[in-house]
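The residues making up each chain are set out below.
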Amino acid sequence: MHAHLIPSCSLERVAQTRTVHAGEPLRELAKRLRMPLYEPGGALAALCEAEQSALHQQAQELAEVFQRSRANVEGRNGSLSLRNHQLRGLDRPRKRACLMAVHNFFLTRTDGTTAAERFFGQKPRSMFTAILASVDIPPAPLSPPRRAGG
């Protein structure tokens, strides 16, 4: 399923976005990937038609999930590329990582979901709580600080 059926469904999805002529090679490749599964001795040949249909439907759903998860990541990369175009050559990895965390876990759409929530399919834990759990807060001093004599 992972090696042949899901990739063939993914290729069919891409072929649907192209013109009939441009999508034909993708449809042929998808068909070539699927054919060995249904031939006698293939992995899906022993299953009844209803089970084959159910597996094909599940593979289409998984290909759609993969496409949506990839689109979220590409969308963020595209937005970073446009935003940081004027800063080419000036690498700021810490700032970029912070902005990425804010984008993924803090900014919400009008429906109240974050990018991380849409990507993982569940609400992430609080960013503030996660930061507090990972930062060691120093203990209070035992005595008040001394003034320098001068």
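Before reading on, note that the structure itself is shown above.
Just so you know, these numbers come straight off a predicted model, no measurement behind them.

Trainee: Would you mind going over the overall build of the protein with me for this structure?
Mentor: Each helix and strand in the protein was counted, giving 6 helices and 0 strands. Taking all 150 residues of the protein together, 18% fall into the buried category. When contacts within the protein are restricted to residue pairs at least 6 apart in sequence, long-range pairs at least 24 apart make up 40% of them.

Trainee: For this particular structure, what's the right way to read the environment of R13?
Mentor: Following the sequence through the fold, R13 ends up in helix α1 (residues 5-16). Residues R13 and A63 lie 50 residues apart in sequence; the distance between their C-alpha atoms is 8.2 Å.

Trainee: I would appreciate a short explanation of the side chain of T114 in the present structure.
Mentor: With respect to the secondary-structure elements, T114 resides in the loop between α4 (93-105) and α5 (115-120). Classification of T114 by relative accessible area gives buried; the value is 6%. Of note is the side chain of T114, whose polar atom sits 3.1 Å from the backbone nitrogen of E117. The contact partners of T114, leaving out residues within four places of it in the chain, are N104, F105, F106, L107, T108 and P124.

Trainee: When you look at the packing of aromatic side chains in this model, what are you seeing that I'm missing?
Mentor: Each aromatic ring pair is specified by the distance between its two centres and by the angle formed by the two planes. Inspection of every chain in the model, using the stated rule, returns 1 aromatic pair. Arranged with centres 4.9 Å apart and planes meeting at 90°, the rings of F119 and F120 form a pair that is edge-to-face. Residue F119 is classed as partly exposed on the basis of its relative accessible area, which comes to 36%. Of the residues examined, F120 reaches a relative accessible area of 55% and is grouped as exposed.

Trainee: Would you explain the nonpolar core in this entry?
Mentor: Soluble globular proteins: nonpolar side chains tend toward being buried together. One finds L5, I6, C9, L37, L44, A59 and A63 forming the largest nonpolar core, which totals 7 residues. Counting residues per element, the ones that place at least two in this core are α1 and α3 (49-83). Examining the composition of this core, we find that 3 residues originate from one element, α1, more than from any other. Once you skip the residues sitting within four places of it in the chain, C9 turns out to touch H56, A59, Q60 and A63.

Rules used in this analysis
- Residues numbered from 1 in each chain as written.
- Predicted model: local features only at pLDDT ≥ 70, side-chain atom pairs only at ≥ 80, totals over all residues.
- Heavy atoms only, no water.
- Helix = DSSP H or I, 4+ residues; strand = E, 2+ residues; numbered from the N terminus.
- Buried < 20%, exposed > 50% of the residue type's maximum accessible area, 1.4 Å probe, protein only.
- Contact = heavy atoms within 4.5 Å.
- Polar contact = N/O pair within 3.5 Å; in protein donor to acceptor, adjacent residues only side chain to side chain.
- Phe/Tyr/Trp six-rings, centres within 6.5 Å; stacked < 30°, edge-to-face > 60°.
- Core = buried A, V, L, I, M, F, W, Y, C linked by side-chain atoms within 4.5 Å.

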